[in-house]
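Structure assessment
What follows is each chain in one-letter form.
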Amino acid sequence: MSTHQQEVAKRRTFAIISHPDAGKTTITEKVMLYGNLIQKAGTVKGRGSGQHAKSDWMEMEKERGISVTTSVMQFPYGDSLVNLLDTPGHEDFSEDTYRTLTAVDSCLMVIDAAKGVEDRTRKLMEVTRLRDTPIVTFMNKLDRDIRDPMELMDEVETELNIMCAPITWPIGCGKEFKGVYHIHRQEAILYQSGHGHTIQDLDIVKGLDNPELDEKIGSELAELLREELELVLGASNEFDQELFSTGELTPVFFGTALGNFGVDHMLDGLTAWAPAPQPRATDARDVTADEEKFSGFVFKIQANMDPKHRDRIAFMRICSGKYSKGMKMRHVRIKKDVAISDAVTFMAGDRSHADEAYPGDIIGLHNHGTIQIGDTFTQGEEMKFTGIPNFAPEMFRRIRLRDPLKQKQLLKGLVQLSEEGAVQVFRPIDSNDLIVGAVGVLQFDVVVARLKAEYKVDALYEAVNVATARWVDCEDGKKLDEFRRKASANLALDGGDNLTYIAPTMVNLNLTMERYPDVTFHKTREH
Ligand SMILES: Nc1nc2c(ncn2[C@@H]2O[C@H](COP(=O)(O)OP(=O)(O)OP(=O)(O)O)[C@@H](O)[C@H]2O)c(=O)[nH]1
């Protein structure tokens, strides 16, 4: 194997999907602990660790108890190099999550074992299905009273339409949680509470019939475990690499993220079985990771990640070749070659400069307004990665200033925030209004909070009579001019100065489309 092939082979790029509160952030903390990135887990959100949260905006996130950022973390685990892409859990941030799922090769599904399959997990699983992404499952919160594990697996199988292969099996739960039996390793791994912040010395008992097991967990539980396992092994699927790779079967692990138990079993499984960087489709051909020439696509843009660096970062997934510092890349959409000397990586959420990066890795490019979500970068080839979803805004609000002198700053803030793709900004041609469109209503709160924290603009939002927006174009310049003149009351420019029609009602939109058959109305701005 060449060095390049070795680098590709050891990479595992995955995201966590779950319903809010299932424990995604807590698992991320423990995963990082195993990656030796932080000595003591508990600093991802600055929670309870005395660490300062990263920005005022994150303060809001903490207040609401939800994560609104997607962070990227890279760390070594065993012989592998893991890239973990965290995704926001709340429904209103789903576009971001969906796009992040286009940048991974596998997913970890976290389920609150007291609750079972929840709404958001169902939706996210539908998305992973579009690409047959392999799924590893972690049943979390075993330190609480959970539902019957057999029933939980049944629910996953029937509701999410994926076969379950238990790799570990829980021994008790809640106060009686004693650990798990690792079916593949044929050993019981015992849980000690109170070690959530450290990597524990493991207490292991080899073999199911070992009398030591009875001594350690009590004969009653040991007997129960033996009976349950006989049943489970008879009734459930065995792990099958092929079925896992095509997203038809998921290995299931049990544990408690808070108690830092079982996360390592899951990571062992994920690094052993999840695929190395997979091919990606473009409009010209499929691109494989072992190709020599560099290519990648942008799946996310985020402004002001770090208040110390007031900049915007475009997150790029590398699909082929190698990034090395200072290299020239072709920015395909704008047909320009650009030299990239200061891409960043995301070691434990701290940004550091990347000298080189390989397929599967995520690098951050500084964006000065030229990069959009969905942009492809290559070493000259004219092609565009496909399948990065767009979402049309469904809700609209007018943003108003409390201090009228800050109009310029407000516009700058809105344009920059709209580059991230979660909201769109529209400036009606005939007025000084600023209208923001979003997929979910929570976005408006985020926009107002971020305007204040990051742009020092005190604004509020209010209802506006807009039902939907369409991006318009027309091949015939004369007809477009006429349309511009006659429909100007409903025309606006978006953050990238593209012409849009903002319709007060769907009826109005349909009538306008009939009246101007030569004008094309697009539901989304093409990414
Ligand atoms: N008892 C128990 N609580 C847990 C466990 N894992 C996480 N929690 C708690 O569950 C709550 C939610 O956990 P998070 O890790 O913030 O969940 P999340 O999925 O990241 O939530 P979002 O940020 O909304 O996406 C927190 O209060 C955690 O302390 C666990 O294994 N056992």
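Residues numbered from 1 in each chain as written. Predicted model: local features only at pLDDT ≥ 70, side-chain atom pairs only at ≥ 80, totals over all residues. Heavy atoms only, no water.

1. Section: the packing of helix α2 (residues 24–34) against helix α10 (residues 263–273)
Between α2 and α10, the shortest axis-to-axis distance is 10 Å and the interhelical angle comes to 70°. Put simply, α2 runs roughly perpendicular to α10. The segment α2 lies against α10, with K30, V31 and Y34 engaging V263, D264, M266 and L267. Across the contact of α2 with α10, the residue classes break down as five nonpolar, no polar and two charged. (Axes fitted to C-alpha atoms, helices over the stretch in contact; angles between N-to-C directions. Helix = DSSP H or I, 4+ residues; strand = E, 2+ residues; numbered from the N terminus. Parallel < 35°, antiparallel > 145°, perpendicular 65-115°, else oblique. Contact = heavy atoms within 4.5 Å. Nonpolar A, V, L, I, M, F, W, Y, C, P; charged D, E, K, R; others polar.)

2. A few points about the nonpolar core
Within the largest apolar cluster, 75 residues are counted, with the highest numbers of intra-cluster contacts made by V156, Y323, M329, I363 and L365. Among the elements that line this core, the one with the most residues is strand β15 (residues 312–320), at six residues. Setting aside residues no more than four positions away along its own chain, M329 makes contact with F294, M316, Y323, K336, D337, V338, I340, I363, F377 and T378. Counting residues in each nonpolar core, the second largest holds 27 residues, with A22, Y77, V136 and F239 among its members. (Core = buried A, V, L, I, M, F, W, Y, C linked by side-chain atoms within 4.5 Å. Buried < 20%, exposed > 50% of the residue type's maximum accessible area, 1.4 Å probe, protein only.)

3. Some words on the pairing of strand β8 (residues 179–182)
Summarising the sheet, strand β7 (residues 168–171) and β8 pair through four bridges and their orientation is antiparallel. Its bridge partner lying in β8, P170 is registered against V180. One ladder, built from four bridges, connects β8 with strand β9 (residues 187–190); its direction is antiparallel. Considered in β9, the bridge of V180 is made with I189. The hairpin turn running from β8 into β9, its antiparallel successor, is four residues long, and Q186 in that turn takes a positive phi close to 55°. (Pairing = 2+ DSSP bridges.)

4. Focus on the pattern of salt bridges
Scanning the entire structure with this criterion turns up 33 salt bridges. The salt bridge partner of D105 is R280, with a shortest N-O separation of 3.4 Å. Residue D105 is found in the loop between α4 (94–101) and β4 (106–112), and its partner R280 is found in strand β12 (residues 280–281); the two are separated by 175 residues along the sequence. A single burial state applies to D105 and to R280, both of which are buried. The shortest N-O distance in the salt bridge between K479 and D518 comes to 3.1 Å. Residue K479 is located in helix α13 (residues 477–486), and its partner D518 is located in the loop between α14 (506–515) and β31 (520–522); the two are separated by 39 residues in the primary sequence. On the accessibility criterion, D518 (41% relative accessible area) is partly exposed. (Salt bridge = Lys/Arg side-chain N within 4 Å of Asp/Glu carboxyl O.)

5. Quick notes on the packing of aromatic side chains
Going through the model one piece at a time under the given rule, you end up with 16 aromatic pairs. Relative to F385, the ring of F297 lies with its centre 5.5 Å away and its plane at 45°, an arrangement referred to as tilted. With a gap of 88 residues between them, F297 in strand β14 (residues 295–303) and F385 in the loop between β23 (376–378) and β24 (395–401) connect regions that are remote in the sequence. In this pair, the class of F297 matches that of F385, namely buried. (Phe/Tyr/Trp six-rings, centres within 6.5 Å; stacked < 30°, edge-to-face > 60°.)

6. Observations concerning the sheet that holds strand β11 (residues 249–254)
Ordered by their spatial adjacency, seven strands build an open sheet running β2-β3-β1-β4-β5-β11-β6, and the pairing between neighbours is mixed. Edge strands, defined here as strands with exactly one partner in the open sheet, are β2 (72–77) and β6 (163–166). Strand after strand, the sheet turns through a mean of 30° between neighbouring axes, direction not considered. One ladder, built from five bridges, connects strand β1 (residues 11–18) with strand β3 (residues 80–85); its direction is parallel.

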